[in-house]
Amino acid sequence: MEHPNFHPAVRSFIRFAGHPFKFSLYLLWKLPIAWLSGVRLKQLDEGQCITMVPFKWLSQNPFRSTYFACLSMAAEMSTGLLAMMYVRAAAPKRVSMLVTGMEASFVKKAVGRTWFTCQDGAAIQAAIARTAETGEPETITANSIGKSLDGTVIASFAITWSFKGKV
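The rules behind the values
- Residues numbered from 1 in each chain as written.
- Predicted model: local features only at pLDDT ≥ 70, side-chain atom pairs only at ≥ 80, totals over all residues.
- Heavy atoms only, no water.
- Pairing = 2+ DSSP bridges.
- Helix = DSSP H or I, 4+ residues; strand = E, 2+ residues; numbered from the N terminus.
- Axes fitted to C-alpha atoms, helices over the stretch in contact; angles between N-to-C directions.
- Core = buried A, V, L, I, M, F, W, Y, C linked by side-chain atoms within 4.5 Å.
- Buried < 20%, exposed > 50% of the residue type's maximum accessible area, 1.4 Å probe, protein only.
- Contact = heavy atoms within 4.5 Å.

### Some points on the sheet that holds strand 4 (residues 114–118)
One open sheet accounts for six strands, arranged 1-2-4-5-6-3; its pairing is antiparallel. Looking at strand neighbours, the two that pair on one side only are strand 1 (40–44) and strand 3 (94–106), the edges of this open sheet. The sheet shows a mean angle of 25° between the axes of neighbouring strands, direction not considered. Note that strand 3 and strand 6 (residues 153–166) share 12 bridges and pair antiparallel. Counted as the bridge partner of Leu-98 is Ser-162 from strand 6.

What follows is the structure in structure tokens.
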């Protein structure tokens, strides 16, 4: 549910990302490998993002499970969409964003759809706001947990984002 006090750019980004056709075209254009492997956005709001990667021919490895790179793409997207949303809201200040680190723990073999949830929207928003206000670089490590349909943890990721003011 959208909060009425959030920046119009945040609400606009949520509407855009929630449009299946427009967002699918965006993924095909900007992240074609994620699109081909089936990584999809399932939910986005001010505080969290949920993405999904299926187990299918294009996302599998030789061991009959989801390839770790596809799991990584879904995890990164769950953190990155939150960051993109708040970078847009920083306008007219320009803020760049870049992944500078990643740690992963693979707990269980992924043999079906895996949903990745990042609930660090508020922390991401605060880091971007500080960068926009001060111009100083900020880093934040956002966590994304991947679970199967029955709630079993498949993998956990810690994605480190760097935000920097652009002139």
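### Concerning the nonpolar core
The biggest cluster of nonpolar side chains holds 43 residues, and the ones touching the most others in it are Leu-44, Met-85, Ile-124, Ile-128 and Phe-163. A per-element tally of this core places helix 4 (residues 68–89) first, with 12 residues. Those residues within four positions of Ile-124 in sequence are excluded, and the remaining contacts are Thr-79, Leu-82, Ala-83, Tyr-86, Ile-140, Ala-142 and Phe-163.

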